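Residue-level structural notes
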Amino acid sequence: MPLSDSSLVAMPIIIGAGPAGMRIARQLARYGNVLVLDGDTESPWATEARPQLLTQFQNARAQAGVHASLAVPLAPRIRLLSGRKVVHVDRRRCRVLDDSGQVHKYSQLFMAPGALPIRPELPGSWLGGVQTLYTRRQLDNLLNSLVPNTELLIVGGGLIAVELATLMAKRAVVTLIVRSRLLRRYVDPKLGKRVAGRLEKLGIRILEEAIPKRLLGRHDVTGAELADGRQLAAGRVVLACGSLPDTTLARDAGLRVDQGVLVDSSMRSLSDARVFAVGDCAQPPWPVMRGNIAQVLHMADLAVAAIRNEPLPSPPEGQYRECRLDDGFRLVVAASHQSIESGALHSHHYRYAGRVVSVTRQHRSIVAFQALLPYVQARRLTELWQGRIELSRWEWGSLQRFVWLPPRRQPDPLVCHCASVRLSAIHAAIAEYGSNPAMVCQATRAGYYCGSCLDDITTLCGNSSWWNRAARWSTVAVILLVVALLGLLPAWSVPDSVLATDFTAYRLMTDSSTREISGYLLTVVVLMTLAIRGDRRRYWWHVCLGSTALLLLPLHSLGGLASGSGFSAGLIGLMLLAALSGALLIVRRRLMWLRSGHLAVTLVLLTATLMHVVFIYQY
């Protein structure tokens, strides 16, 4: 193929349109032209974000309006050539050759091809219905090809395999084939068994110490045979066996390669000062955890700072990975890569009500942990670890006894842990670009990687969907109206001069059996309201229970309360105060003092209700 020298003006060239490559491109585009080459025809949509393996995340992403990187135009100085795979690097002449035969000259070369999924040499892996899982497009293909009750085999026991199994549990019959132990590389055996137990409750079958021998089928896969002779039926097979750094191009170019491309502390290659390696393909002089987006983006910032002769940014706290499970739980693994005095370290293991934490502390600071926690608790623990914040005695006590961390007000909390975007940066982007979540995410790069912060960004922008806003405000209006009406009603029985004694509704409300049944129901509703957390997944259930309590209140109290008018008026006042604070929380859920006040009022209401029941039966 004849060579074409149509792009021989030297400029920074980036190989790969993944998270690290696009991070470098957007930063260098502020100072000049940048060329990005990627072999994927759908880049950066299919390459910049890693597979997001939860349906809740996909719904939140669509709600926020951040469908893909292509939804927002790239900077004018970024020239992106999708579907152009680099096949050769000429370091002596500072040129690269793509698969179309075109030559490009570079001033600095940034190699960010990422990693390649491991495809084990398994007989039958070429059959139809067998795939790996590394890009978001591969996940979309899997979701589109599944039919209900499909037998899905997942070969692998890492975080991606566990997260995929959780997502597919409601779509298919899932079986996990693990060669050794589930999550052996990430967590200890105790926590691994806890995760396995949660997966089995979802109907996921886990086969540990199982080695696949071959895949069965003629054209499409129909099953798998294990080394011990067992055969499993399968309609789809996913090989989630991890990934290895893509060092093929670097090795052919003569760069020093070990487990990745060897680089120094500024991500500059040890073989060529004009070549940088960033992302999963690089091997920096400190330990890394593959798939940690925060570290990948930090590598990109280091390379840009070296080019601009700027001070190197401070590194992230350490190695960090997160896996989303069912019911809003997160499996979080964090470890520090900084040198720590081993004599000052203490390890603890805490467990309570399905929540599990294994922490390593130095004095009162957390330096490493493994946790299976709800999202809010996992986020609080991560913030304390990232900031090396010393925990108070109250926080350590609650963590030891209840595996729960009380809320702590941060002056500038992290909103996006992957991109290290804080609340002040989100507010600055809103002030500059308006309340469009897509523009805020594009300006700050928050929400483009793991997606767990998109709901928070949407709330900060005040730009939730119209039906969600309508439902909230209509619920608030109805609750305030009911509170106002009940506040005007007397706490004693309605006299006969107001309503005739043969009026059906009046007779129903003054009937002793009706008051007793409604009183019991009211107590049960208050107990259920305390038991069900008002988080994102159970938010509307919480609202429905509070509304049911308001409807039961006039049915029970209009006919008279037997324990005295003063106590009755106080009980009704507590109920109205709880409903009023709950209505305000519908609009302003982020106010910590309002949430604490609502919980306190509800606890006092429960205590007063139980006292009321005791007084009735005592007197």
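Residues numbered from 1 in each chain as written. Predicted model: local features only at pLDDT ≥ 70, side-chain atom pairs only at ≥ 80, totals over all residues. Heavy atoms only, no water.

Glancing now at the sheet that holds strand β21 (residues 329–336). Judged by pairing direction, the sheet is antiparallel, and its five strands sit side by side in the order β20-β21-β24-β23-β22 without closing on themselves. If you trace the sheet from one side to the other, it starts and ends with β20 (318–324) and β22 (345–352), each paired once. Across the sheet, the mean angle separating the axes of adjacent strands is 10 degrees when strand polarity is ignored. Pairing analysis gives eight bridges linking β22 to strand β23 (residues 355–362), with the strands arranged antiparallel. Along β23, the bridge assignment pairs Tyr-350 with Val-357. Each of β22, β23 and β24 (365–374) is contacted by helix α9 (residues 393–402), which is oriented at about 55 degrees to β22, the strand it contacts most. (Pairing = 2+ DSSP bridges. Helix = DSSP H or I, 4+ residues; strand = E, 2+ residues; numbered from the N terminus. Axes fitted to C-alpha atoms, helices over the stretch in contact; angles between N-to-C directions. Contact = heavy atoms within 4.5 Å.)

A few words on the pairing of β24. The element β24 is extensively covered by neighbouring structure, given that ten of its ten residues are classed as buried. Both β21 and β24 contribute to a ladder of seven bridges, which runs antiparallel. Each residue of the ladder has a partner; that of Ala-334, found in β24, is Phe-369. One ladder, built from seven bridges, connects β23 with β24; its direction is antiparallel. In the sheet register, Arg-361 faces β24, and the bridge partner there is Ile-366. From the end of β23 to the start of β24, which pair antiparallel, there are two residues, and His-363 there has a positive phi angle of about 60 degrees. (Buried < 20%, exposed > 50% of the residue type's maximum accessible area, 1.4 Å probe, protein only.)

With that settled, consider the nonpolar core. If you look at the biggest cluster of nonpolar residues, it comprises 46 residues, and the most contacted ones within it are Ile-24, Val-89 and Leu-109. Ignoring any residue separated from it by four or fewer positions in sequence, one finds Val-89 in contact with Ile-15, Arg-95, Val-96, Tyr-106, Leu-109, Leu-249 and Ala-253. Of all hydrophobic cores here, the second largest spans 39 residues; its members include Leu-142, Leu-159, Ala-161 and Val-356. (Core = buried A, V, L, I, M, F, W, Y, C linked by side-chain atoms within 4.5 Å.)

Here the focus is the pattern of salt bridges. For the structure on display, the rule yields nine salt bridges. Linking Asp-98 and Arg-84 is a salt bridge whose minimum nitrogen-to-oxygen distance equals 3.1 Å. Of this pair, Asp-98 sits in strand β5 (residues 95–98) while Arg-84 is found in the loop between β3 (78–82) and β4 (86–90), placing the two residues 14 residues apart along the sequence. Overall, the relative accessible area of 23% leaves Arg-84 in the partly exposed class. The salt bridge involving Arg-214 is made with Glu-225; its shortest N-O contact spans 2.8 Å. Of this pair, Arg-214 sits in strand β12 (residues 212–216) while Glu-225 sits in strand β13 (residues 223–226), and the two are eleven residues apart along the sequence. (Salt bridge = Lys/Arg side-chain N within 4 Å of Asp/Glu carboxyl O.)

For the rest of this paragraph, the subject is a positive patch on the surface. A surface patch of like charges, here positive, comprises Lys-190, Arg-194, Lys-201 and Arg-351. Examining the composition of the positive patch, we find that three residues originate from one element, helix α5 (residues 189–201), more than from any other. Among the secondary structure elements, Arg-194 is positioned in helix α5. (Patch = residues over 30% accessible without salt bridge, like charges linked within 9 Å, V, L, I, M, F, W, Y side chains within 5 Å. Areas by Shrake-Rupley, 256 points an atom, 1.4 Å probe, with all protein chains shown as cover. Lys, Arg positive; Asp, Glu negative; His and termini not counted. Charge placed at Lys NZ, Arg CZ, Asp CG, Glu CD.)

With that out of the way, let us pick up the sheet that holds strand β14 (residues 231–233). As summarised here, the arrangement of the three strands in space is β12-β13-β14, forming an open sheet in which the pairing is antiparallel. Of all the strands in the sheet, the pair left with one neighbour each is β12 and β14. Adjacent strand axes in the sheet meet at a mean angle of 20 degrees, parallel and antiparallel pairs treated alike. Taken together, the four bridges between β12 and β13 define a ladder with antiparallel strand orientation. Bridge pairing in β13 places Leu-215 opposite Ala-224.

Let us look at the environment of Leu-545. Assignment of secondary structure puts Leu-545 in helix α16 (residues 539–557). According to the relative accessible area criterion, Leu-545 is buried, its value standing at 11%. Along the primary structure Leu-545 and Val-525 are separated by 20 residues, whereas in three dimensions their C-alpha atoms are 6.2 Å apart.

Moving on to the side chain of Gln-102. Among the structural elements, Gln-102 can be located in strand β6 (residues 102–111). What makes Gln-102 buried here is its relative accessible area of 10%. At 2.9 Å, the side chain of Gln-102 forms a polar contact with the side chain of Arg-84. (Polar contact = N/O pair within 3.5 Å; in protein donor to acceptor, adjacent residues only side chain to side chain.)

Quick look at unusual backbone geometry now. One non-glycine residue, Leu-183, adopts positive backbone phi at about 60 degrees. The backbone of Ala-353 sits at a positive phi, close to 50 degrees, despite the residue not being glycine. Among the structural elements, Ala-353 can be located in the loop between β22 and β23. We classify Ala-353 as exposed; its relative accessible area is 60%.

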